[in-house]
Each structure stands twice: as C-alpha cells, then as structure tokens.
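Secondary and tertiary structure notes
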Amino acid sequence: MQELDQDPYISPDLGDLPDFFLDDFDEEYLEKIADYFSECFPEAYLENIADPCSLQFNGDSTPSWPKRQRPAGTDPGSALSPAGMAGLSTDPPRIVHLHPSIQLIATPDAPGNLQLSQPTITFSLPNVAPPPTYILVPAVAPLCRHQMPPLSPVGGAAAPVQMSSSPPASLSDTTSKAVSFPPASPLSPSNDISTCKESFPQFPIVPNRPQAVKDYIQKAKEHMNQTCQDIEAGINLVSHYVDAHLCRREIFGSGKNKNKSLDSFIAGDTDRQKNRLSVSQIFEHSNGDKPKRCILLLGAAAMGKTTLIKKLCYDWSRDCVPNFDFVFVLDSKALTLTEPIFSLQSLLLDLSSFAPPCFNPNAVSTQIAATPKRVLVIFDGFDSLREYETLLQIQEKDLIPSLQRDSSARTYTIRQLYSAILQRVLLPGCTLLLSSRPRGSASQLLRRADSFLELCGFTLADIGTYLSQYFTTPALRASASEHLKNSSYLHLLCWNPGLCRLVFLVLEESDGSHSLPKTLTGLCHRVLCLKLERGRNTAYSQAGPQMGKLVQKQQIPIRSPAKRCRKNARTKSRPRGRKQRARRTRRKKEEESEVGEREMLSQLCYLAWQGVKANSSILSTGWIISDQLNGFGHRTGLFYSYRTRTRKVPSSGSLGSDDDLILLWANPFLQSYLAGVHLSLSRIVSERTFLQILAFQSGTRGRRHPQRVELELTQRFAVGILFQDWTELQGLHSYSETAVSRQATVAEFLKELSYGDLSPVQVLQACHYIYEAFPTHCDGSADSGRVKLFAQLGKTFPEVLTFHGVPLNPADVFAVQNLLQGNEAQSRSFFLDLEDSGIQISGLRALLGLDSINTYRACIADVISLWERLDQSGEEELCKKALSKFKIHPLKATQVCHVEHLAKLVNIHLQKRLPYSQSDSFLAEGVPAIKELHMLEFELGPERGPLALPKLWELLPGLHNLRHLDLENSKIGDNGAVELANVLVSLGFLEVLNLSQNCIGDHGVKKVAAMLRELPKLHCLSLYSNMISDEGAESLAAVLPHMASLTELDVKYNKLTDVGAQSLGVSLRGCKKMKALRMWNQCIPYGVFERLHQQDNRILCH
C-alpha cells in the first residue's frame, strides 16, 4: 500500500500492542466488535484481519486490515526501547481505514491510556512514553458513504468491466485523497452511531481524474452545449424551451401479473398535479430511499421526450447536473447497424449522440469502467416498451461470460451491447434513463425500473409562454393569440408540444385570407402545403445562383458596331413572339414541375404507408430512394438524416471516421397523414382493402389501448381526407379522382357500424372519424346531406358511453363533445363513464355543461376539484348539475388513492359543505352519490390493502345505505375484524358481507359475531379461508338463531374440527331461512361431515 499524506486527524504510530492486552478482553467481547465492523464495512475488508490488537489509524474513509508479521526476536511483553521503535518504524505501517463516522480525539488529561468509546475501552501501554489519550467516538454521519471503485492500475491496464466496488488495498494515493471526508465535530461517547444509507450527495465527491479525462469531459460539455441547443430547424432550446411537466407514475400489480403493464392505473388530473416535479428533480430521491438507478420516462408521440433529453444534456454541459461525469445518449436507430464490429468503448465514444471526437479513448474508457456510478446512459428513440423487453430477453450462449471477462478484447453488435447495458452486465453501477411511449407490456423492464415518470404535456399557461417565445414581434403575437382563442380545437391540440409547433407554424403563415383549419386532417394538410411551398422557394433559390454561374462562364462574342445595328433592327422588326414563347416555356416548366411534385408526393405517400405498416419511422433500406426524391424530402422538411459515426482507425493517434446516414421521417403526424393520403387516393389500394384497413381491429371487448397509434392516426386521416375540399386534393396525389367513390364507401361504413358492440377505444376512434368527416355540422356551413348523415350516425350510438381505462387528452374530449352536441337536438340522454381516463378538469367541465349528459362517473378527486372551482367562480347552477348527475355506485377500490378520495367525499357529505367554501346551499342535503352507494368492493390485495384500511374504517360509518361490502383478500386480521365490528352498527342496511381470506382468527370472529345481531338485513356472510377454530365456530353458532334474514354462511377452509362442525350443525336447526352452510375442510373427518349432511342437507361441502 502506498504511503498516505499526514493528516492532523491521523494518530501517530503507537507501536506494537503487548500480548497482555488480550487478557483484558474476553472472546465474546471481541466477537461483538467484529460484528459491529461487519455491519458497517464490506466483507472483503474483514477477510484480511489478522490480529485485532495491532491497530493504527488514519483519516481515510475506507477500512482495511492488512496482515502484518511481528518482527522476529521481539518479545511482545518486553519494553520497547526508542531504538527498537525506530527500527520498527522502517517497516510498512499497519493501517486501518476507518469509516468516516468514527473519529479519534485526543484527551491530554489522561496520559498513557488509549480509550475507545461505545462502550469506552481503556488500557495502558506499558513501558511506553505516555502519549495522549485517544477516544473513538461516532461523528455526524455524512450525507453519503460512497465506496469509490479503483482507477486504472499502474501501467494503464483497463479495469474489469464488471467492477462495481473496490477490493481491499486497491485505492491509489490520489484516489484516497480525493475521497477523504472533512473532519466532523466530535460527539460525546454516549451517542449512538448512526448508519448512513447510500444517496446522492448534495455536493457530490468527484474522484481524481487524469488530465486526458478532464480534457475530454470539458470538450464533451462544450460540444453538447452547442449541439443540444437546436430542437429543430429555426427553433432554439434556449429561446423556445418551456419547462416540461413530469409526474410520477405508480405501477401496481399482484400475483403473476405484477408489474406487467402500464395500463393498470391512470391517475386523475388532481393526482397528477400533486405528483408533478420539474426536470431538476428527476434524479432526486427522498431521505432514506435508494438512489434512482433505472428511470423510465414515458410520453406519447411528439410529447417532447427527445427535447427533454437535450435539455438534460444542455444542463449537464453547464454543470447543473453534478451527479455525473459522463453522459451518453444511445439512440434506437443505431440498432440498424448489424455488423459485429463494436465494443463498449466505440459505442459510448463514437456512436453516442452529441459526443465529440475522443483522441485518448483508452484513458476515458478506463475512467468510465472504474467509476460507473458517475455515468448516465440515456436510451432514446424507442417507440414501445416491447423493444426494451426484447433487449432484456437476449441470452445468447457465451455472450455474458465474454462481456464479463473482457469486453474490450472482442467486438459485438449494437444490439448485444445495448442488451448488456440494460441487463447490468456492462457498467453495472451506472444510472439509466429510458424513454419510451407508454404502450406495450414489459414485465422485466418494469421490475428493473425503480422510478416511472410521464410527460404531462402543455398547460394553458405553457401554451401562452410558448406563444410569446415563438412570436417575437408584438403584432404577430397579438394576432396569433386572437386567432388561437377563436379556434377551440386548435387551442386544445396545443396540449401536445409537437402539435403546438405545427399550429404555430400555420398561425405564423396565416395572413387572414384563409380560415384556420378545424380538424387535425386540415391542420396537417395546411402544414404540408407550407412545407411544399418552402421547398419550392429553396429549390428556386438554389437554382438561381447556379444559372448565374453558367451565364458567367459563357463566352460573350465581340461584334462590330455595324453588326450590332443590324441585330437591333431585326429585333425591333420582330413581333413580341419571343416574350410569348418565354412565357409558354415558363408555364410549361411550372406544369412539369407540378406534375413531378405530385409524382414525388405519390411516392412519399407510398413510403409513409409502408412505414406505418412496419410501425417504424425509418425509411427501410430495402427501398431504393432516388437522389431526386431524397432531395425533395429534405427540402420540404419531411425527411431528416440521423448520423452515426464509426471510427476506422482505433489504433492510430488520429481520428478517422466515416458517416453512416439513416433516413427518417421528421414528423410522425405528417408521416401518418401521407399514409392516409395513400389509402384514400391511391389506385393501388382497392375498395375492399381500404375497408379492411379502416375497419376496427378485432379483439377482446374492453381492450384499453390500441397496439399501434400510427395506424390509428392513419385511419383517422384517411377518413378526414375524403371529406376535404377536392380542389385541394388535386395537388397531393396523381389519382385524386378516387376520392368521390371512397367518400361514399366511408359514409356507408359509418352508418352500418354497430357502435354498441365496440370497445371503449373503438368508440373513441369512431368519435374521431365522425368529427374529421363532419366538423362544421353545427355552424351552418355544412351542406344538408352531411348534416343528415351526421344525425343518422348520432342515433346509432348507445346511451351508455364508457371510456373507462382509456386515456383522454383534450382533443379526444372535443371529439366526444362534438358528437354529444349533435344529439342534443334529438333529446337523447347519455351516461358517461370517465373513470381512470385521466381527463383534465377543464374537459370534464365542458362535457358536464351539455344537456345531453344525464349521469356520469369520473375520478372522485377531480369531481370535487370541479365543484370547488365552480363554487369559487359563482356558477351555482352548473355546480348543482355536476353534483346531482354524479354517480359512484358500484364502487371498486383498486388503489389506495381511491379510498382516500372516497373518504374526502364522505367527509363533504357529513359536513354538508365543501372545504374552504363559504356557501353550503347546494349541499344542504348532502352528496347524492354517497346516498346512492350500495356496493363497495375493496380490491387492493394483500400487499396494498393494509395501507388503506385505516381510512376505510373512518369512512364506513358515513355509508349508511351500503348493502354490499366486499373485503376479500385484504389481510385485515383480528385487529381489522375488531375495527370492522365497531363500525357494523352504522351499516344497518348491509345485506352481503364478504370477509374471505383475511387471516381472521377466533378473537376477531368473536367480535364480529357479537355485532351480527345489529344487521337485520344481512342474508350472506362469507368467512371462507380464514383461521377460525372450534372456539370461533361456537361463537358463530351462538348468534345464528338470532339472524332471521341470514340465508347463506360460508366457513370453508378454516381450522374447524368435528366439534366446531357439530356446534354449527346443531345451531342450524333453529335457522329456518338458512339455505346453505358451507364448512368443509381437511380437519373435519369425512364420516362426521357425511353424517351432518344426512341430518341436514343444507350443510354443503362446496
């Protein structure tokens, strides 16, 4: 071990401790000390303890007990002369690296003693000059107890990839200095030693790094600061970025289905507001929690996941994310590189997005492998969770052992390296940030992730902020704001940041001569026309200078004055045919250009449809794309190229690289729109194929999410395009005349659709179909034929519209509202189920303002928030409607928050007023939904059920009209049974009580049985699969004759014996209304049960 610098808090060498020191300590006491150090320090350090009495101390933060041989010829009991001590001092010192929570304090008033506290140990050092006394006491626990991995060994050898903790005596002297902790103030010896859990420090300790690594980090920050500022063409991160709103999403499950799907619970708007956090809080964690090492970032298409990642990288470049020394962004598009020519070093330093060229990759990769906890790896560009699941399932033979041995000696594919990082084979201690769209099942990924974040989109305030940043001049800003207010649908589309940019692009080019689009189809059509116009201007601007250069290169002949005069005379005598020919030539070129543009658009539409079918935004390499089409796509902004870099000369000092370009669609909405154009206008797609694509996919009723959002958008665009202005369609496709026949086909399809048999997702899609086809039915601008067709479609919709479990964004709510408004004239009424839909409170208010809504269900917390807003704004009439139409029967509580929200609603019902409200006129009779609640199912399961039971016991006395209470498999135990017995007296109308699988014993069932007499209407009681023995059975037998309405009792699979069974059988004789008594279990002899059944056939085994 290398020598450490002297520190004022390091004790001097005390020399060897005499053998009689061991006489003062028994073996049991030494074992207690060893147990204490084994709890504080890793086992690797305790393996090297040779002599527990030979100790020296320094101020380093890492403990170790290196072995030391006693010098030959030295009597441990004899006195040590100064010469002998001087001789011993030449040997390598024995050093114990103490934990930073331990200090040595000198006490001069007790010379000649060494004291260690907890408990205090005092012993004398014989024949030694009296040194000061040292007391070993606990110090204030530091913010973090980081154990630094080793840096590269001497000689530049690479550290093993799997190294996540350092073995004994592996830290160099520079590293030891870097991680030394500052001295803490001493505490008294009586204080307890506080253990410190691992967490991110507020001021992270940065390990010592070689100069080459420091230079690379600085260069990487400078490079990221420049490259991450561009969001897209003309939009800068610094000037146009709006702080993203994130909310923590909880994933619940139990049994075999635990953590298998993100669709288990969709939080309401109120809960999302409570769980919101900023970008700076992504890597934070509460005190006592483990650091977030695998973070899953969820967001729909164009919600800003990539922009958020760029913002994180930009903040890291400005030293605003001090937790990490290295940040690498790995894109899913690199998976298209299938050659096994990459290593971990080339992956991180060459293929990572925003990474600068590295001229000393060995030093940098060694530092990365040595300090993985200082590395952040971001995966971006994944469209579904299933793609991560596929990478986690890669288990090729000999792959993992090969990566663990030495990943730098061999080369692998990108897919193999991605899989190794996700499976923690490579860089096991690094932090992972995985972005994806919230769809698909991924059991392994959800089990590995310890934090789930979701992008919430823009609020109204965010839209205003982005508008002020996008439009710099006050006149444009005022005009755009006015147009946006007058277009409700466009304003609602702006909740999606990607769509918000498209809306602002249209507002920027709008001069008042054209009306703003009213549908998503119209918006994408207008954006496409603007991009085509900009592409033409770019082509003309590029062609102009080239033509000028050609003219300058031509030789101008020198003519004599006479020739020039004859030339001018001939020119004057000619008619103006030259100008006419020039105009005809120019017109012909324009026509040819338009024809060529339509042909290229037709090809783009075909390629877009192929990408939608493949569920990919990458233009397949199997399709041959001409240079002309490639240039057209880039000029119009429909294409963009993703650049990957592969180093070809890894051994030389210079950096040689080749650029590998991947062609992609720049915007998912425009890709789906062009695919819809292909379906609607192309002759390649037959009528039969068109209907098959347009028809809803078959599947189980109630499936929550469509598997492919791009296909859903394409279907919506295909319908909307057919009902667009046909004159505008002529410039999109070569065969626009097919729109006439396809429109009639779609109208007939919508009329014959059986809406009552559709799942909630399909009902929502049908609402979008109708809105895209008939957006102007209410303003009088639509023709009578379309209005009549819309009225016919409205009659076919069922009166019960359920969107339970389907996420509803503002545009979805507007489409549903459009349908319901059209049915108000027909005096139809609807029931809306909006539970677990995540609908915003503003959208809920818009729907409840419709007269066609008779009753509705929604998140209880959101409904209460809506009542409070209406009460504060003075809209008493609407508040009364929202109160009277709200229903919660039957209620199934599957989350802890469901019980908390119900408790709040019961409290409002009992107090007959809203919290912080000055008026209670509309709540004078309480909450009708509470009065009408007759059935409550408590389905939180055995893991989360006990968390909500205290709230349940509080709210149950307020549910006076409850008739069915189901607490099955909630683990209430005897204590819960006692609490339930105390509230049963308030549930006089209870008819069904299910207490199955709740670990209830004799004590609990006695308390419940004593209160069963207070339930005169109870006819069904289930105590199936509990822990009731004969004593509990006798208490039930005693109360059965007094329960006149009880018709069924289930006590199967308990601990009853023949004694308890006979007691219940005897009691059954006095219960004339009892129809079934189920009490079979393995503890009852079969003969006894058969005899009881023969005596009374109401005694059943099943």
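Keep in mind it's a predicted model, so treat the numbers as computed, not measured. (Residues numbered from 1 in each chain as written. Predicted model: local features only at pLDDT ≥ 70, side-chain atom pairs only at ≥ 80, totals over all residues. Heavy atoms only, no water.)

1. Brief notes about the overall build of the protein
Counting its secondary structure elements, the protein contains 41 helices and 28 strands. Residues classed as buried in the protein amount to 50% of the 1102 residues present. In the structure as shown, the protein presents an accessible area of about 52300 Å², 51% of it carried by carbon and sulfur atoms. (Helix = DSSP H or I, 4+ residues; strand = E, 2+ residues; numbered from the N terminus. Buried < 20%, exposed > 50% of the residue type's maximum accessible area, 1.4 Å probe, protein only. Areas by Shrake-Rupley, 256 points an atom, 1.4 Å probe, with all protein chains shown as cover.)

2. Looking at the nonpolar core
By size, the foremost hydrophobic cluster in this structure holds 278 residues, and its most contacted members are Phe379, Phe504, Tyr856, Trp867 and Leu956. If one sorts the elements of this core by residue count, helix H28 (residues 760–773) sits on top with nine residues. Once residues within four sequence positions are removed from consideration, Tyr856 is found in contact with Phe831, Leu832, Leu844, Leu848, Val863, Trp867, Ala882, Lys885, Phe886 and Lys887. (Core = buried A, V, L, I, M, F, W, Y, C linked by side-chain atoms within 4.5 Å. Contact = heavy atoms within 4.5 Å.)

3. Here's the deal with the state of the cysteines
Taken as a whole and assessed by the stated rule, the structure comprises zero disulfides. A disulfide-free cysteine, Cys430 has its sulfur positioned 9.1 Å from the sulfur of Cys294, the nearest such atom. Residue class for Cys430 comes out buried when judged on its relative accessible area of 0%. (Disulfide = S-S within 2.5 Å.)

4. Comments concerning the pattern of salt bridges
This structure, assessed with the given rule, holds 23 salt bridges. When the shortest N-O distance is used, the salt bridge between Asp331 and Lys333 registers 3.0 Å. On the basis of relative accessibility, which here comes to 7%, the residue Asp331 falls in the buried class. Residues Glu509 and Arg534 are paired through a salt bridge, measuring 2.8 Å at the closest nitrogen-oxygen approach. Here Arg534 lies in helix H19 (residues 520–553) and Glu509 lies in helix H18 (residues 497–509), a separation of 25 residues in the sequence. Here the salt bridges do not stand alone but share partners, grouping Arg209, Asp325 and Arg374 into one network. (Salt bridge = Lys/Arg side-chain N within 4 Å of Asp/Glu carboxyl O.)

5. Structural notes on the pairing of strand S20 (residues 853–857)
Of all five residues that make up S20, four are buried, and the element is covered over most of its length. Bridge analysis of strand S19 (residues 830–833) against S20 gives four bridges, and the strand direction is parallel. Looking across to S20, one finds that Phe830 is bridged to Ile853. In this fold, S19 hands off to helix H31 (residues 841–848), which returns the chain to S20; that crossover is right-handed. (Pairing = 2+ DSSP bridges. Right-handed = clockwise from strand over helix to strand, strands pointing away.)

6. Description of the side chain of Ser680
Counting through the fold element by element, Ser680 comes out in helix H23 (residues 668–681). Excluding residues within four positions of it along the chain, Ser680 makes contact with Phe690, Ala718, Ile721, Leu722, Thr738 and Arg742.

7. Describing the sheet that holds strand S12 (residues 326–331)
Either a parallel or an antiparallel arrangement is found when strands of a sheet pair, and the pairing is made through backbone hydrogen bonds. Spatially, seven strands are ordered S10-S9-S15-S11-S14-S13-S12 in an open sheet, and the strand pairing comes out mixed. In this open sheet, the two strands that pair with only one neighbour each are strand S10 (276–277) and S12. Two strands pair when backbone bridges link them, and strand S11 (residues 294–298) and strand S15 (residues 451–455) are joined in this way by four bridges, in the parallel orientation. Across the sheet, residue Leu297 finds its bridge partner in S15, namely Leu453. With respect to the sheet, helix H8 (residues 305–317) is in contact with strand S9 (246–248), S11, S12, strand S13 (375–380), strand S14 (431–436) and S15, its orientation differing from that of S12 by roughly 160 degrees. (Axes fitted to C-alpha atoms, helices over the stretch in contact; angles between N-to-C directions.)

8. Details of the packing of H28 against helix H30 (residues 810–822)
The geometry of a pair of packed helices is captured by two quantities: the angle between their axes and the separation between those axes. Contact pair H28 / H30: the axes reach a minimum separation of 9 Å and the direction vectors enclose 70 degrees. By the angle class used here, H28 and H30 are roughly perpendicular. Of the residues in H30, those touching H28 at Leu764, Cys767, His768, Ile770 and Tyr771 are Ala811, Asp812, Phe814, Ala815, Val816, Asn818 and Leu819. Broken down by class, the residue content of the contact of H28 with H30 amounts to nine nonpolar, two polar and one charged. (Parallel < 35°, antiparallel > 145°, perpendicular 65-115°, else oblique. Nonpolar A, V, L, I, M, F, W, Y, C, P; charged D, E, K, R; others polar.)

9. Observations concerning the sheet that holds S20
The strand order across the open sheet built from three strands is S18-S19-S20, with neighbouring strands paired in parallel fashion. The open sheet terminates on both sides in strands that have one partner only, identified here as strand S18 (800–802) and S20. Adjacent strand axes in the sheet meet at a mean angle of 15 degrees, parallel and antiparallel pairs treated alike.

10. Regarding the packing of aromatic side chains
Tallied over the entire structure, the rule returns 23 aromatic pairs. Between Tyr466 and Phe504, the ring centres sit 5.3 Å apart and the planes meet at 15 degrees, which makes this aromatic pair stacked. Remark: Phe504 occurs in helix H18 and Tyr466 occurs in helix H15 (residues 460–470); sequence separation between them is 38 residues. You'll find Tyr466 and Phe504 in the same group, each marked buried. Ring plane angle 85 degrees and centroid distance 5.6 Å describe the contact between Tyr673 and Phe717, whose orientation is recorded as edge-to-face. With a gap of 44 residues between them, Tyr673 in helix H23 and Phe717 in helix H25 (residues 709–722) connect regions that are remote in the sequence. Each member of the pair, Tyr673 together with Phe717, is buried. By the ring-pair criterion, three or more aromatic residues cluster together here, those being Phe458, Tyr466, Tyr470, Phe471 and Phe504. Lying over the aromatic face of Trp316, Lys221 brings its terminal NZ or CZ to 5.3 Å of the ring centre. Here the guanidinium or amino end of Arg742 rests over the ring plane of Phe690, the centre of that ring lying 5.2 Å away. (Phe/Tyr/Trp six-rings, centres within 6.5 Å; stacked < 30°, edge-to-face > 60°. Lys NZ or Arg CZ within 6 Å of the ring centre and 35° of its normal.)

11. Observations concerning the side chain of His768
Inspection of the secondary structure puts His768 in helix H28. The buried category is assigned to His768, whose relative accessible area is 2%. If we ignore the near neighbours within four places in the chain, the residues touching His768 are Arg716, Ala811, Asp812 and Ala815.

12. Thoughts on the packing of H31 against helix H32 (residues 860–873)
Across the interface, H31 lies against H32 with an axial gap of 10 Å and an inter-helix angle of 75 degrees. If you check the angle between H31 and H32, you find them roughly perpendicular. Here H31 contributes Ile841, Leu844, Arg845 and Leu848 to the contact with H32, which in turn contributes Asp862, Val863, Ser865, Leu866, Arg869 and Leu870. Looking at the contact of H31 with H32, its residues break down into six nonpolar, one polar and three charged.

13. Quick notes on the environment of Glu389
Note that Glu389 resides in helix H11 (residues 385–392). Along the sequence, Glu389 and Gln444 sit 55 residues apart, while their C-alpha atoms lie 6.6 Å from each other. Setting aside residues no more than four positions away along its own chain, Glu389 makes contact with Ser441, Ala442, Ser443, Gln444 and Leu445. Engagement of the side chain of Glu389 in a polar contact is seen with the backbone nitrogen of Leu445, the distance being 3.3 Å. (Polar contact = N/O pair within 3.5 Å; in protein donor to acceptor, adjacent residues only side chain to side chain.)

14. A short note on helix H24 (residues 687–694)
For an α-helix, the turn length of 3.6 residues means that residues three or four places apart are oriented alike. Those residues of H24 lying buried are Phe690, Ile693 and Leu694. Looking straight down H24, one finds that the buried residues subtend no more than 95 degrees of arc, so they occupy a single side. What points out from H24, more than 90 degrees from its buried face, is the exposed set Arg688 and Gln692. (Arc of directions from axis to C-beta.)

15. Digging into unusual backbone geometry
A cis amide bond links His889 with the next residue in sequence, Pro890, at an omega value of -10 degrees. Within the element layout of this structure, Pro890 appears in the loop between helix H33 (876–884) and strand S21 (891–893). Positioned with a positive phi, Arg424 is a non-glycine residue whose angle comes to about 65 degrees. Structurally, the position occupied by Arg424 is in the loop between helix H13 (414–422) and S14. Assessed through its relative accessible area of 23%, Arg424 is described here as partly exposed.

16. Side note on the pairing of S12
Moving residue by residue along a regular strand, the side chains alternate between the two faces of the sheet. Summarising burial for S12: six of the six residues are buried, a large majority. Residue alternation in S12 divides its side chains into two sets, Phe326, Phe328 and Leu330 and Val327, Val329 and Asp331, and both sets are buried.

17. Some details on the confidence of the model for the protein
For the protein, the mean per-residue pLDDT works out to 76, and 68% of the residues sit at or above 70. pLDDT under 50 marks residues 40–204. Its contacts with residues more than four places away, or in other chains, come to 291 contacts. Across residues 569–575, confidence stays below pLDDT 50; counting only partners more than four residues off in sequence or on other chains, it has zero contacts. (pLDDT = per-residue confidence, 0-100.)

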